[in-house]
Amino acid sequence: MKRLSLIVLSALIGACSSLQPAPKATLEGEAFYLQRIALPPSAVLTVSLQDVSLADAPAVALARQSGPITGQVPLPFKLEYDPAQVKPGHRYSVSARVEADGHLLFISTQHHGVTLDGKDEQPLRIRMDAASR
């Protein structure tokens, strides 16, 4: 019984060591707004990479970064995504938003298309506009 356990354990370790993590690709950039307003300490930046190919269906997220903001604009971001999820002929877009205490402060309002073919100009610059209240 002990020998069988060792054989099974060895097989599992060998199988796990042969698994390679999925290759990752990266989009880096910065989100900014033009208003001369300091962000509150509770502000959170969320940046998403989405497949926006289908007009009558919700966008599919390929990557998302969300976290507290330290400092002021421009706000750096780094999105890691799996290139195996990129489909030929599909359209992809990056969007950004800033929220604080459950309120939307800034959001990107223009389409920021990316091709995800390794030729996207980086760093990306995502302009956000003040949200209406």
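Attention here is on the structure that accompanies the text. All of these numbers come straight from a predicted model, not from anything done at the bench. (Residues numbered from 1 in each chain as written. Predicted model: local features only at pLDDT ≥ 70, side-chain atom pairs only at ≥ 80, totals over all residues. Heavy atoms only, no water.)

Let's shift gears to the side chain of D120. Residue position: D120 is located in the loop between β7 (113-114) and β8 (124-127). One buried charged residue, D120, remains without a salt bridge, the closest side chain of opposite sign being K119 at 10 Å. Aside from chain neighbours lying at most four places away, what touches D120 is L27, V114 and T115. (Helix = DSSP H or I, 4+ residues; strand = E, 2+ residues; numbered from the N terminus. Buried < 20%, exposed > 50% of the residue type's maximum accessible area, 1.4 Å probe, protein only. Lys, Arg positive; Asp, Glu negative; His and termini not counted. Salt bridge = Lys/Arg side-chain N within 4 Å of Asp/Glu carboxyl O. Contact = heavy atoms within 4.5 Å.)

With respect to the element layout, H112 can be found in the loop between β6 (103-107) and β7. Apart from the residues lying within four places of it in its own chain, the contact partners of H112 are Y92, S93, V94, R125, I126 and R127.

All right, on to the nonpolar core then. By size, the foremost hydrophobic cluster in this structure holds 28 residues, and its most contacted members are L27, L39, L49, V94 and V98. Taken together, the elements giving at least two residues each to this core come down to β1 (25-32), β2 (44-51), β3 (60-68), β4 (75-81), β5 (92-100), β6 and β8. Residue contributions to this core peak at five residues, all from β5. Contact partners of V94, with chain neighbours within four places excluded, come to L27, V47, S48, L49, F77, L79, H112, V114, L124 and I126. (Core = buried A, V, L, I, M, F, W, Y, C linked by side-chain atoms within 4.5 Å.)

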